[in-house]
Structures are given as structure tokens and as C-alpha cells.
Protein chains: 4
Amino acid sequence: MPKQKISEEELIWNSLKVFKRKGYHNTSMADIAEVCGLQKGSIYHHFKSKEELMKAVITTMHEHYNKEVFAYAYDERLTPEERLQKLEVYSNKIFLSSNSGCLMANIALETNDTMPEFSKLISAFFQDWINAMASIFNKKFKTEQALNLAKESVAEIEGAVMMMRIFDEQAYLARCHQRIFEKLQSDPIN
Amino acid sequence: MPKQKISEEELIWNSLKVFKRKGYHNTSMADIAEVCGLQKGSIYHHFKSKEELMKAVITTMHEHYNKEVFAYAYDERLTPEERLQKLEVYSNKIFLSSNSGCLMANIALETNDTMPEFSKLISAFFQDWINAMASIFNKKFKTEQALNLAKESVAEIEGAVMMMRIFDEQAYLARCHQRIFEKLQSDPIN
Amino acid sequence: MPKQKISEEELIWNSLKVFKRKGYHNTSMADIAEVCGLQKGSIYHHFKSKEELMKAVITTMHEHYNKEVFAYAYDERLTPEERLQKLEVYSNKIFLSSNSGCLMANIALETNDTMPEFSKLISAFFQDWINAMASIFNKKFKTEQALNLAKESVAEIEGAVMMMRIFDEQAYLARCHQRIFEKLQSDPIN
Amino acid sequence: MPKQKISEEELIWNSLKVFKRKGYHNTSMADIAEVCGLQKGSIYHHFKSKEELMKAVITTMHEHYNKEVFAYAYDERLTPEERLQKLEVYSNKIFLSSNSGCLMANIALETNDTMPEFSKLISAFFQDWINAMASIFNKKFKTEQALNLAKESVAEIEGAVMMMRIFDEQAYLARCHQRIFEKLQSDPIN
DNA sequence: GATGAATGAGGTTTCATTCAT
DNA sequence: GATGAATGAAACCTCATTCAT
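Residues numbered from 1 in each chain as written. Chains lettered and ligands numbered in written order. Predicted model: local features only at pLDDT ≥ 70, side-chain atom pairs only at ≥ 80, totals over all residues. Heavy atoms only, no water.

A. The overall build of chain A, seen in detail. Counting secondary structure elements, chain A contains eight helices and zero strands. Taking the principal axes of its C-alpha atoms as reference, chain A extends roughly 65 × 35 × 30 Å. By the burial criterion, 53% of the 190 residues in chain A qualify as buried. Accessible area for chain A stands at about 8900 Å²; split by element, carbon and sulfur atoms hold 51% of it. (Helix = DSSP H or I, 4+ residues; strand = E, 2+ residues; numbered from the N terminus. Buried < 20%, exposed > 50% of the residue type's maximum accessible area, 1.4 Å probe, protein only. Areas by Shrake-Rupley, 256 points an atom, 1.4 Å probe, with all protein chains shown as cover.)

B. Here's a closer look at empty space enclosed by the protein. Residue and element names in this part refer to chain B. Taken as a whole and judged by the stated rule, the model has 16 cavities of 30 Å³ or more. Estimates place the volume of the largest cavity at around 130 Å³. Every residue lining the largest cavity is counted, 14 residues in all, and those nearest its centre are Leu87, Glu88, Ser91, Trp129 and Ile157. Elements that contribute at least two residues to the lining of the largest cavity include exactly helix H4 (80-97), helix H6 (116-137) and helix H8 (171-185). Per-element accounting of the lining of the largest cavity gives the leading share, six residues, to H4. Its residues placed into classes, the lining of the largest cavity shows 11 nonpolar, two polar and one charged. (1 Å grid on protein atoms, 1.4 Å probe; cavity = no way out; pocket = protein on both sides within 12 Å on 5 of 7 lines; lining within 4 Å. Points joined across faces, edges and corners; volume = space filled by probe spheres on them. Nonpolar A, V, L, I, M, F, W, Y, C, P; charged D, E, K, R; others polar.)

C. Just the relation of the copies chain D and chain C, in detail. Mapping chain D onto chain C calls for a rotation angle of 180 degrees and an axial translation of 0.0 Å; the resulting RMSD is 0.1 Å. These values place the two chain copies in the arrangement generated by a two-fold rotation axis. Considering only C-alpha atoms, the part of chain D nearest the rotation axis is D:Gly159, at 1.9 Å. Mapped onto chain C, 100% of the interface residues of chain D are again interface residues, and the two copies thus contact each other with one and the same surface. (Least-squares fit on C-alpha atoms with pLDDT ≥ 70 in both. Contact = heavy atoms within 4.5 Å.)

D. Summary view of the arrangement of the chains. The least C-alpha distance between chain A and chain C, which are not in contact, is 11 Å. Nothing in chain A touches chain D; the tightest C-alpha to C-alpha distance between them is still 32 Å.

E. Local environment of the relation of the copies chain A and chain B. With an RMSD of 0.1 Å, chain A superimposes on chain B once it is rotated by 180 degrees and translated 0.0 Å along the axis. Both copies share a contact surface, since 100% of the interface residues of chain A are interface residues in chain B too.

F. Up close: the interface of chain D and chain C. Contacts between the two partners involve 37 residues from chain D, matched on the other side by 37 residues from chain C. A combined buried area of about 3500 Å² lies between chain D and chain C, and 61% of that area is made up of carbon and sulfur atoms. Connecting chain D to chain C are six salt bridges. Put simply, C:Glu169 and D:Lys151 hold a salt bridge, and the shortest N to O gap is 2.7 Å. If you look at where chain D meets chain C, you find 12 residue pairs in polar contact (both at pLDDT 80 or more). Listed by contribution, the elements that provide at least two residues to the side of chain D that touches chain C are helix H1 (8-22), helix H5 (103-111), helix H6 (116-137), helix H7 (143-167) and helix H8 (171-185) of chain D. The element that contributes the greatest number of residues to the side of chain D that touches chain C is H7(D), accounting for 14 residues. The class makeup of the residues in the side of chain D that touches chain C is 13 nonpolar, 11 polar and 13 charged. (Buried area = accessible area lost by both parts, 1.4 Å probe. Salt bridge = Lys/Arg side-chain N within 4 Å of Asp/Glu carboxyl O. Polar contact = N/O pair within 3.5 Å; in protein donor to acceptor, adjacent residues only side chain to side chain.)

G. Representation of the side chain of D:Ser100. The topology assignment puts D:Ser100 in the loop between helix H4 (80-95) and H5. Non-local contacts of D:Ser100, meaning those with residues more than four positions away in its chain, are made with C:Asp113, D:Lys20, D:Arg21, D:Asn106 and D:Arg165.

H. Structural view of the side chain of A:Lys50. Residue and element names in this part refer to chain A. Position of Lys50 among the secondary structure elements: in helix H3 (residues 50-68). Here Lys50 occupies a buried position and makes no salt bridge, while the nearest side chain of opposite charge, Glu110, is found at 7.4 Å. Those residues in contact with Lys50, other than ones at most four positions away along the chain, are Phe19, Tyr24, His25, Thr27 and Met29. (Lys, Arg positive; Asp, Glu negative; His and termini not counted.)

I. Inspection of the interface of chain A and chain B at higher detail. Between chain A and chain B, the contact holds 37 residues from the first and 37 residues from the second. Approximately 3500 Å² of surface area, both sides summed, lies buried where chain A meets chain B, with 61% of it carried by carbon and sulfur atoms. Applying the counting criterion to the chain A and chain B interface returns 11 residue pairs in polar contact (both at pLDDT 80 or more). Contributing elements (two or more residues each) for the side of chain A that touches chain B: helix H1 (8-22), helix H5 (103-111), helix H6 (116-137), helix H7 (143-167) and helix H8 (171-185) of chain A. Top element by residues in the side of chain A that touches chain B is H7(A). It accounts for 14 residues. Among the residues making up the side of chain A that touches chain B, the classes are represented as 13 nonpolar, 11 polar and 13 charged.

J. Up close: the packing of aromatic side chains. Across all of its chains, the model carries 44 aromatic pairs over all chains by this definition. On the basis of an interplanar angle of 80 degrees and a centroid distance of 5.7 Å, the ring pair of A:Tyr65 and A:Tyr90 is categorised as edge-to-face. Taken together, the residues span a long stretch of sequence, with A:Tyr65 in helix H3 and A:Tyr90 in helix H4 (residues 80-97) at a distance of 25 residues. Here A:Tyr65 and A:Tyr90 have matching classes, each one buried. Where B:Tyr65 meets B:Phe125, the ring centres are 5.2 Å apart and the plane angle is 85 degrees; that geometry is what we call edge-to-face. You can see B:Tyr65 sitting in helix H3 (residues 50-68) and its partner B:Phe125 sitting in helix H6, a full 60 residues away along the chain. The same class applies to B:Tyr65 and to B:Phe125, which are both buried. Chaining the aromatic ring pairs together yields one cluster made of A:Tyr65, A:Phe70, A:Tyr90, A:Phe125, A:Phe126 and A:Trp129. (Phe/Tyr/Trp six-rings, centres within 6.5 Å; stacked < 30°, edge-to-face > 60°.)

K. Just the pattern of salt bridges, in detail. One pass over the structure, following the stated rule, counts 52 salt bridges over all chains. When the shortest N-O distance is used, the salt bridge between A:Glu52 and A:Lys55 registers 3.2 Å. Of the two residues, A:Glu52 and A:Lys55 both sit in helix H3, three residues apart, roughly one turn of that helix. The exposure class assigned to A:Lys55 is buried, which follows from its relative accessible area of 14%. The residue C:Glu76 makes a salt bridge to C:Arg83 at a minimum N-O spacing of 3.5 Å. By relative accessible area, C:Glu76 is classed as exposed at 61%. Its relative accessible area of 2% is what places C:Arg83 among the buried residues. Taken together, the shared-partner salt bridges in this structure form one network comprising A:Glu152, A:Glu156, A:Arg179, A:Lys183, B:Glu152, B:Glu156, B:Arg179 and B:Lys183.

L. Looking closely at the environment of C:Tyr172. For C:Tyr172, the position within the fold is in helix H8 (residues 171-185). With 13 residues separating them along the chain, C:Tyr172 and C:Gln185 place their C-alpha atoms 20 Å apart. Residues in contact with C:Tyr172, not counting those within four places in the same chain, are C:Ala160, C:Met163, C:Met164, C:Phe167, D:Ile130, D:Lys151 and D:Ala155.

M. Structural view of the packing of H5(A) against H6(A). Residues and elements named next belong to chain A. Packing of H5 against H6 leaves a shortest axis separation of 10 Å and a crossing angle of 140 degrees. When the axis of H5 is compared with that of H6, the two are oblique. Here H5 runs over H6; the crossing is left-handed. Here Met104, Ala105, Ile107, Ala108 and Thr111 of H5 lie close against H6, whose contacting residues are Phe118, Ser119, Ile122, Phe125 and Phe126. For the contact of H5 with H6, the class distribution of residues is eight nonpolar, two polar and no charged. (Axes fitted to C-alpha atoms, helices over the stretch in contact; angles between N-to-C directions. Parallel < 35°, antiparallel > 145°, perpendicular 65-115°, else oblique. Left-handed = near helix turned anticlockwise from the far one by under 90°.)

Dropping the structure here:
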């Protein structure tokens, strides 16, 4: 009889916010329940465990990025510079909207050595991000060099987001994007 | 039952390893006790809470870096390049010795929004690191530019360490150091 | 595992018995759990801490007295002597039913200097008791004298209950009630 | 080699203050150590357990009362009124010097049902007190009546001390002594 | 589907006590 | 005698999970 109070989508996005802020182990099912307006027990109608919920959160975020962000990297109607800018705009939207950094990085650094199932999902996400960046650099650079530039770029962005959070100083991200843009416009090494 | 089984120093360094690998919230006092060969309760002889222990760990690591690493950045007998290399050598020793990344970054991303006392200590550490890097760049660049290069560099290193851990791929760090070296040798912007 | 095994009312009254016998600090949540047929952790479903439980116990007892005992002191259909007797009958029922004295007094003497939240609740209880007694004496005595007689009476009863417990000698209470009766029938001081 | 830092006497009197204020179970050996300027472990050179210490405290207090207070009740050079006044003076000194009530009563109400060894010692104390009072009343009243008046009086004093502590209102004790004085001067029932 | 009571394992912490120095 | 490190039991409390209603 009881009507559904919240959609699975919403449940996942609400949980995401909490996990991003408080981390995996410090987030309790009660915390999740609270932001969803449910009782602890009710969450188990949707996810069979906290671990499954976290995996759903990671996966959902990954799919979202694939569709809404990384897709631009492959959009043949755009120049490489335009593509890069699209990714940047989205990055900014996410990373500047809260002071809590990047869900994927936060969870990765917290659980990389103890929750292999999360690690697999998270590295898949970063792989897709790197591939997207590489495909942009590919227009001007050779495969291997493009890949390296992509790896550098993703690493730099995550480094910048980390510092941004630690120092509460937004400039890090803008300067980082600036440098990536310069990479794209630099001369191929040979 | 009596007489010291472990020095406070050792206790801290053993704890550090566990905290780095498992994070703050997922490390139990029982875990700490185990790596120290003590009973749970005995740790409270040395630190009045898990939180105080974590703070001692952060502080000890910070002091260690100040003395053993950052000090090279101010060593007038060395050229800037030599100084940078000293820092790099040390970075490698730490970050390549395990697959668990950087204690400071791991704890920062896990607890930045919930444990302000840790955040303060951690940002002080990164500030000292940035200052050390800036003092190296200062030999060739103007203050502001040197500072920005220092910030970039620290962010890049942390980004590289993160990726290195996620992908278990050590190349990230070497290439990152390479790029920092190039920054040092590039022409000042004007 | 699910569905209520014990009502909150019962939980409180069962706890009360243990607290009265063993005191606050010497009563463990395990003790409480045992008399309630629950697991330790389950009690936290109903009360968020041992302290809150104790406060609920005190408050419940206070309300119970207000309704079931002190009310007689204000019952206009009864003579002062009848009112006094009603209170006495109830006193006897409580204080003679076990050898554990008076919950309020026991907890007060144990925790008065360390748990101010208990002290406030307990002194409110005694104040209501004194007011009830005063309202009986008021029929024959002036306000101030009635109040003093009430204070004396309550103190005497508590003193008697204490001695009764220490010496396991019930006569104390009966004689004490006798003296209070005589006070009521004595001549007003002027 | 280490010189004695505190005499056993002092240790007992210092402990007494803590036990009176915080009760038996809520006083830790660390608390005791602190007020004695010792380490926890050192207390065990003097008393083999917390329980033994508490018993020494009770016994010491009892002996002190016998010698310094109750003795006046048997002093043939004094009138009954003078004897009573001596006891009163002493009562006031003790009970008005802190807001923590009566050690014997506090410990009795906290532990009567769980620490029979304390109960025995405490009831012996109260018995001596009652006997002392009875010996005063004996000058004017018959044995049985004197005994009852003594019991009443002690109970009343303890009741007054309890109320005094709960309400932080010193008047209780003075009025109580006043009433006891009146008892002594009233006519024997005969 | 939602609820809320219950569970049991495990978390951090406290504490009386022991004992080598 | 005093110390301080260690112990282990037990304290309070949290939490992921289950399940009858």
C-alpha cells in the first residue's frame, strides 16, 4: 500500500552528495535515510547493502558523465578546442558547486586498498575520462602522445580539485584548465 | 605487563601506515593495537583518543617533511635544480614505497568536511610544501609567478600520485617530475 | 527480530527498579537490557543514551506521583486528615514494597554534584511533594508555617526511609507518619 | 628510594572528599590519585583495592566521629542540653562546609543493595550515632523512649541534610536542630 | 513499499589492577 | 614507595542489516 516516497534516481543522487561530503565509511545508512526522507530499513528495498548502494552511486555518476560530458569529446561537429571547453564547463559546474571535491577521487583515496569492487568501477570511470581527453588531443597529436597528455590533464585536474578543497581557493581549477588549453595548442613534439 | 613495548615514535609510524592504507574511519583502534603489538586499551596511555592519535600522526609526518625534505629547498649550497631533485628523490621514496598514495591527501579527501582539526593540520603541511617549492622557483621567477608554479607543481604531484594509485601505474610520477623540471628551466613569462 | 517486545512504559518501569536498587553508575545498559528481555543495543531505539533513559525514569516517576499521589492533597472532597492519610498509604505501598528506599533520594545523593540535569528534575519532584504537603497544612496553618511543616515532613519521611533501608527496620516509617499526623493536629503557633 | 609523598591519613581524607562528592562507582582510582598527587598505581601500595580504600574511608570517618563527636554525648561534665549542642556544632561544621551532604548517607543510598561490606560498616556508624543521641535523651526519658527519640533525631538530621543538598538551602539543618532541642525539653510521655 | 523494532557485531573508551624498573 | 606502561574486561554506543506488520 505505501506509496513510493522517492525514486531510485533521487535516492542515488541524494546519497551521492552525502558520500562525497562524508566519505564512505563515515556515512551511515541513517545519514542516507535522512537525506532521502526515509527510514533506514526502507533503503534495503532498493539496494541490498550499503556497498551495493555505493556501487550504484559510482556507476550512475559514471554513466552520467559518459552521456553528458565525455560524449562531447567525440562530437565531430566541434573543434578540439570547443570540445575541451565543453568538458571544462561541465567540470566547473560540478567541482565549483560544492566544496566537497570529486566523489570519485574522494572514494578512491579512501577505499582503494580495502574495497576492490569500488576501485574497479572508479578506475573504469577515470579510464573513460582519459580516453575522452585523448580523443581530443588525438586531433593534433600522435596516439601515444595524446594519451600521455590526456593522463597528465586528468591528473592535473584532480590535483587542482584536491588543492581547491584543501585551501578553499577556486583559482586552482581555472589555472589548470588554462594550462590544458595551452597543451592542446602547443606544438606536437615532433 | 609493564615496561614499554613500543616507543611513541614507533607507535605513530606504525599507525601512519595503517591510516594511509585504510583511511581514518575504517581504521579501528584494534587495527592500530595489532600493528603495535599492544592491546586496544593500551594505546590510550599514549593518546587520549583516536582523533588525537591521528593528529599526532599528521603532525609527526609534517615535522618529518620539514626537516628531511622541505629543508633542501632552502639549502643555499645547492642550485635550484639540485634542490628540486632532492625533493623528487624523497617523493619517490615515499610514494613509490607502497601503493597507498599520500597520507595527507588520503586523509584530507576523506575527512575535509567533517574533521576540521585535521584539515587545519593538513593544509599547514601543504602550505609548507608549496612554500618550499616556491622558494626553489624564486631563484628564477618573480614571487607571484614562483608561487603559482609551486602551487601547480604540488597539485600536479598529488594528481599524479592519485592516478598512480588508482591505476597502479608508476609512470605518472616520473613524468610529473619531468614536467616540473621543465617548468623550472622554462623562461620566465617576461 | 522485529515487532515490539516491550512497551516504552514497561521499559521505563523495569529500568526504574534496577536504578533504584543499584544506583545510576553501577547499573549498566546490559543490566537494563536483561530486565527488559532485549539486547543492549535495542535500548537505544527508545532512548538515545543512558542519561536520557534515567531522565525519562525520573520524569515518569514524577508524573506518576503527581497524578496518583499528590493529587489527593488538593482533593476538596477530603479533610486534611484524609488527604494526609491518602499520601501515607501510597508512601507505604512504595517504600515498603522493596528494601531499596526511594529512587529520587538514591539518585539524588549519588549524582547531585555531577549530573545537574538529574538534580533539576529531582528537585522539581521534591518541590511538588512539598507543595502538596503544604496545601494540606494550609487548611489549618498560615502559609509560611504550612510550608515549613511541609518541608520538615518531607525531610523526615526521607530520613526515615533512609534509616529503614540501612537498618532494615520498617518501624521508622510508621512512626514518622504518626509524627506528621500530630503536626497536623497540633495548634498553630499563634 | 622514592620518599613517601603522602601519609595514609591524608590519602584517606582526600579520598573521602572525592567519594562524598562523586559517589563510589563514579569515582575512579585516577580521581583519587589526582587529589593525592600520586599515580593510579601508587595507591595500591596503601590499599589493596578500591573497595578496601572505601572501607578504610568509612572506618576512619566512623572512628573520627566516635572520638571527636559522639564522645561528648557521654561527657558527664555536661548537661544534656550542652551535649546536644556540642553534637550540633559539629554537625554544622561538617554538613555546612560543603554542599555534598553526608558521606555515610551518600554511600549508603548508592551501595546498600550491592556492597554488603559497606552496609555493615555504615550501619555500625549510624548505630553509634543513635546510641550517642539516646544517651543524651536518657537523662530525661526512659530507655525505650530515649531510643526512639534518638532514632527520630538522626533520621531527621539526615533528611534535613538531604533536602539541604537538593535545594541548596541551609535553613533545613538549623530548623531540624531546633526541633531536636525541643524534643529534649518536652515532657516525657510517661 | 515503508516502517520501526530488534539484532549482534564491532566501535571507541574507561577502568581497576598488575608489575618491572 | 613511586612510577608508568600494560592489561583485559566491561562500559557506552553505533551501525548494517533483518523482518513482521
